[in-house]
Amino acid sequence: MHILVHDLDNSIKTYQEVINASGSYLLEKDYIQADYITACIDREKDYPTGLLMSNGIGLAIPHANYQLVKSDAISLVRSSKGVEFGQMEDSDLKVSCQLIFNLALSTSNQHLTILQRLFALFQDENFVENCQNLSYLQVEQLIDQHINN
């Protein structure tokens, strides 16, 4: 699985722009079809993926149809200011997300497995803090170590 990590440009303010940015990194590497980005944005409208963790950190996990994925990847974008996503449990509520894990997975079975691993990792405050503060390469290695083992 490929892991890409980027810091978000502070001019990006909406979840649509975040998904476009994270998807563009996946598209640049030819890990997804171009339609995947639009599919993520459309899915987010109906099934928001924002999560407010107990430590106050906001996370989002946008994703879309596995049939639009060429090669398994996670594109993590980090936002210092946070970007508003609808909350997973209640779409009327909003959560400011500092970490956005855009999942591009080529099978539905794998999708569930990766989501379960991520949810477990999100409970670990050290993991979340490391994702926010370490270098791109260190975060890529950290996620790879936890997801691919």
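Just so it is clear, the structure is predicted and the values come from calculations on it, not from any experiment.

Asker: If you had to explain the state of the cysteines to someone new, which residues and values would you point to?
Answerer: Applying the stated criterion across every chain, the model contains zero disulfides. Among the cysteines around Cys97, which has no disulfide bond, Cys131 carries the closest sulfur, lying 14 Å off. By relative accessible area, Cys97 is classed as buried at 0%.

Asker: Can you break down the pairing of strand β5 (residues 94-104) residue by residue, with the values?
Answerer: Judged by how many residues are buried, β5 sits mostly within the fold: nine of eleven residues are covered. Bridge analysis of strand β3 (residues 58-60) against β5 gives two bridges, and the strand direction is parallel. Its bridge partner lying in β5, Leu59 is registered against Leu99. Both strand β4 (residues 73-86) and β5 contribute to a ladder of ten bridges, which runs antiparallel. Note on β5: the bridge partner recorded for Ala73 is Ala104.

Asker: Go over the sheet that holds β5, please, and point to the residues and values.
Answerer: The five strands lie next to each other as β1-β4-β5-β3-β2, forming an open sheet whose pairing is mixed. The open sheet has two edge strands with one neighbour each: β1 (2-7) and β2 (50-52). Across this sheet, the average inter-strand angle for adjacent strands is 25 degrees, counted without regard to direction. With three bridges connecting them, β2 and β3 associate as antiparallel partners. Bridged to Leu52 within β3 is Gly58. Against the sheet, helix α2 (residues 35-46) touches β2, β4 and β5, its axis set at about 140 degrees to β5.

Asker: An account of unusual backbone geometry is needed here, citing residue identities and associated values.
Answerer: Here Asp30, not a glycine, exhibits a phi torsion of approximately 65 degrees, which is positive. Within the element layout of this structure, Asp30 appears in the loop between α1 (15-28) and α2. Taking the relative accessible area as the measure of exposure, Asp30 reaches 44% and is therefore partly exposed.

So, how was this worked out
- Residues numbered from 1 in each chain as written.
- Predicted model: local features only at pLDDT ≥ 70, side-chain atom pairs only at ≥ 80, totals over all residues.
- Heavy atoms only, no water.
- Disulfide = S-S within 2.5 Å.
- Buried < 20%, exposed > 50% of the residue type's maximum accessible area, 1.4 Å probe, protein only.
- Helix = DSSP H or I, 4+ residues; strand = E, 2+ residues; numbered from the N terminus.
- Pairing = 2+ DSSP bridges.
- Axes fitted to C-alpha atoms, helices over the stretch in contact; angles between N-to-C directions.
- Contact = heavy atoms within 4.5 Å.

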